[in-house]
Amino acid sequence: MIAIVLGTRPEIIKMSPVIRECERRGMDYFILHTGQHYSYEMDRVFFEELELPEAKFNLDAGSGSHGVQTARILEGIEHVLLREDPDIVLVQGDTNTVMAAALAAVKLHIPVGHVEAGLRSFDHTMPEEINRIVADHVSDVLFAPTRVARTNLLREGIPEERIQVTGNTIVDAVFQNLEVSERRTNALELLGLEPDEYLLCTAHRAENVDSRMKLEGILHGLSRIRSEYSLPVVFPVHPRTRERIMDFNLSLDGIQTIDPLGYLEFLQLERHACLILTDSGGVQEEACILHVPCITLRENTERPETLEVGSNLLVGTDEVRIVEGVEKMLNKEREWVHPFGDGMAGKRIVEIIRNSSIFSSR
Ligand code: UD1
Ligand code: UDP
């Protein structure tokens, strides 16, 4: 029995190909939702649009400081694992949900599988970097999306036989939903946008939006792009960012802010944007997969493959550098080959779990 743990927007999206594959094969599995994300547009909308089965458990952990949130999840997961005794716990990515679930499982001697293992920004001030390192080092099977991720793990002394390069499940998610998104949604029309004639922005990293200076730099950059290029800038605003904009009383002049979108709507906006600005991990990957140039509002990235293929540029949060970045990337040739795999990662992961010998010791 596989326990699939998820708790936030990106985990629901990136686990969806694994869940679909478990369904297709009739595997014995259940979904445990930690409730780290709970607002309709950060959670339920994805279950509905991606037609995912309901979670068997929801811990309703909700928001809180790192200590409080992690502790609630840890306690709740331990309780469920003791009762259900699954053969493996599967986690995805780098959130507090992931670290707490991996820790709870390993202490109960339940094997852990980490999807999207081995990503490193080498920036220990990011909570995600700590979560990734902890999850990787307690995992029994590490599903590295690329060879770069595999190399990171080997350098940290993780035994080679634990690592499997599978591709990133985000490619599966994009391929599985792109056509449906074109058929079922008319996000562009609803927002009054023309294909290739707008920029799309997302920003939610704590180190960016919890800093007045950085968030203001981003918003000023967006306003300047709007006035210098006469192109609309659409910004679906993450709840953390929405709160900080209000706390800091910042101006959104010239920026078309909207609520966070469902996956089908957001994919459509990404696909037809002339440029994407983001500090999101998943959005950097999707821009690369969809051949849309990307500007990353950070000084580092745990997705260096995107810099290597030329789909992405790091500019930080200074308004001048943001505008210069737009100038550089707007007319970028879109010929790159994306490095994230063939869209079969979910199938590979489930196949590896099925054939794995890690359960034999239990
Ligand atoms: C979390 C992850 C981050 C991931 C992001 C995906 C950690 C440490 N951070 O960041 O790695 O990139 O999710 O989006 O795990 N809120 C709502 N509704 C919700 C969820 C959150 O209003 O459904 C608000 C609350 O005010 C909350 C704040 O957003 O305090 C932050 O939520 P939290 O889950 O702590 O972190 P994220 O910034 O979402
Ligand atoms: N996304 C979405 N609606 C939005 C913004 C993002 O569906 O309004 C999707 C996006 O396509 C990507 C994922 O959310 O697959 C990224 O999540 P997020 O940026 O919250 O987290 P990160 O990837 O940085 O951990």
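Each remark here, short or long, concerns the structure printed above.
Residues numbered from 1 in each chain as written. Chains lettered and ligands numbered in written order. Predicted model: local features only at pLDDT ≥ 70, side-chain atom pairs only at ≥ 80, totals over all residues. Heavy atoms only, no water.

**Some remarks on the packing of aromatic side chains**
Taken as a whole and judged by the stated rule, the model has one aromatic pair. Seen in terms of ring centroids, phenylalanine 30 and phenylalanine 57 are 5.4 Å apart; in terms of plane orientation they differ by 75°. Their pairing is edge-to-face. Of this pair, phenylalanine 30 sits in strand β2 (residues 29–33) while phenylalanine 57 sits in strand β3 (residues 57–58); the two residues are 27 residues apart in sequence, bridging distant segments of the chain. Taken individually, phenylalanine 30 and phenylalanine 57 each receive the classification buried, so the pair is uniform in this respect. Over the ring of phenylalanine 30 we find lysine 56; its NZ or CZ atom is 5.5 Å from the centre of that ring. (Phe/Tyr/Trp six-rings, centres within 6.5 Å; stacked < 30°, edge-to-face > 60°. Helix = DSSP H or I, 4+ residues; strand = E, 2+ residues; numbered from the N terminus. Buried < 20%, exposed > 50% of the residue type's maximum accessible area, 1.4 Å probe, protein only. Lys NZ or Arg CZ within 6 Å of the ring centre and 35° of its normal.)

**Structural notes on the pattern of salt bridges**
Pairing between side chains of opposite charge can happen when the charged atoms of each approach one another. Under the defined criterion, the tally for this structure stands at 35 salt bridges. Arginine 242 serves as the salt-bridge partner of aspartate 259, at 3.7 Å between the closest nitrogen and oxygen. On the criterion of sequence distance, the pair formed by aspartate 259 in the loop between β10 (256–258) and α12 (263–272) and arginine 242 in helix α11 (residues 239–248) is long-range, its members being 17 residues apart. It is possible to trace a salt-bridge network through shared partners that takes in Lys14, Asp94, Glu116, Glu129, Arg132, Glu285, Arg298, Glu302 and Arg303. (Salt bridge = Lys/Arg side-chain N within 4 Å of Asp/Glu carboxyl O.)

**Some details on the site of ligand 2**
Contacts to ligand 2 come from 18 residues, most closely from Arg9, Leu261, Ser280, Gly282 and Glu286. For ligand 2, a nitrogen atom lies 2.7 Å from a polar atom in the backbone of leucine 261. Interatomic distance of 2.6 Å between a side-chain N/O atom of glutamate 286 and an oxygen atom of ligand 2. Going through the elements one at a time, α1 (9–25), α12 and α13 (281–289) are the ones with two or more residues in the shell around ligand 2. The residue inventory of the shell around ligand 2, partitioned by class, reads nine nonpolar, five polar and four charged. (Near = heavy atom within 4 Å. Polar contact = N/O pair within 3.5 Å; in protein donor to acceptor, adjacent residues only side chain to side chain. Nonpolar A, V, L, I, M, F, W, Y, C, P; charged D, E, K, R; others polar.)

**Digging into the site of ligand 1**
Not every one of the 19 residues close to ligand 1 is listed here, only the nearest: His37, Ser39, Glu128, Arg240 and Glu243. Note that an oxygen atom of ligand 1 is positioned 2.6 Å from one of the side-chain N or O atoms of glutamate 128. A distance of 2.8 Å is found between an oxygen atom of ligand 1 and a side-chain nitrogen or oxygen belonging to histidine 204. Relative to its unbound accessible area of 750 Å², ligand 1 is 89% covered by the protein chains. If you list the elements that add at least two residues to the shell around ligand 1, you get α3 (66–84) and α11. No other element matches the three residues that α11 contributes to the shell around ligand 1. By residue class, the composition of the shell around ligand 1 is four nonpolar, 10 polar and five charged. (Areas by Shrake-Rupley, 256 points an atom, 1.4 Å probe, with all protein chains shown as cover.)

**Section: the pairing of strand β5 (residues 112–115)**
Residues in a regular strand project their side chains so that they alternate between the two faces of the sheet. In β5, alternate side chains face the same way, and those of Val112 and His114 on one face and Gly113 and Val115 on the other are all buried. Where strand β4 (residues 88–92) lies against β5, four bridges are found, and the strand directions are parallel. Within the sheet, the bridge partner assigned to valine 91 lies in β5 and is histidine 114. Handedness of the crossover is the feature at issue here: the chain leaves β4, passes through helix α4 (residues 96–107), returns alongside β5, and the resulting connection is right-handed. (Pairing = 2+ DSSP bridges. Right-handed = clockwise from strand over helix to strand, strands pointing away.)

**Re helix α15 (residues 319–330)**
Relative to the 16 Å expected for 12 residues at 1.5 Å per residue, α15 spans 16 Å between its end C-alpha atoms, a close match to the ideal helical length. Within α15, the full set of buried residues consists of Ile322, Val323, Gly325, Val326, Met329 and Leu330. For α15, the buried positions fall inside an angular range of 155° around the axis, keeping them on one side. For α15, the exposed residues set more than 90 degrees away from the buried face come down to Glu327 and Lys328. Against the buried residues of α15 lie β8 (199–202), α10 (212–229), β11 (275–278), β12 (294–296) and β13 (312–314). (Expected span 1.5 Å × (residues − 1). Arc of directions from axis to C-beta. Contact = heavy atoms within 4.5 Å.)

**Some details on the environment of glutamine 176**
Looking at the secondary structure, you find glutamine 176 in helix α7 (residues 169–184). Look at glutamine 176 and you get partly exposed, because its relative accessible area is 30%. C-alpha of glutamine 176 to C-alpha of glycine 157: the two residues are 19 residues apart in sequence and 35 Å apart in space. Setting aside residues up to four positions removed in sequence, glutamine 176 forms contacts with Pro17 and Arg20.

**Considerations on unusual backbone geometry**
The phi dihedral of glutamate 51 is positive, around 50°, even though this residue is not glycine. Topologically, glutamate 51 is positioned in the loop between α2 (44–49) and β3. Take glutamate 51: its relative accessible area is 60%, and that puts it in the exposed class. Unusually for a residue other than glycine, aspartate 85 sits at a positive phi of about 45°. Inspection of the secondary structure assignment puts aspartate 85 in the loop between α3 and β4. Overall, the relative accessible area of 44% leaves aspartate 85 in the partly exposed class.

**Things to note about the sheet that holds β10**
Pairing is parallel in the open sheet, where six strands are placed in the order β10-β9-β8-β11-β12-β13. Edge positions in the sheet fall to β10 and β13, since each of these pairs with one other strand and no more. The mean angle between the axes of side-by-side strands here comes to 20°, regardless of whether they run parallel or antiparallel. Strand direction decides the pairing type here: β11 and β12, joined by three bridges, are parallel. Paired with leucine 277 across the strands is isoleucine 295, a residue of β12. Strands β8, β11, β12 and β13 of the sheet are contacted by α13, whose axis makes an angle of about 165° with β11. (Axes fitted to C-alpha atoms, helices over the stretch in contact; angles between N-to-C directions.)

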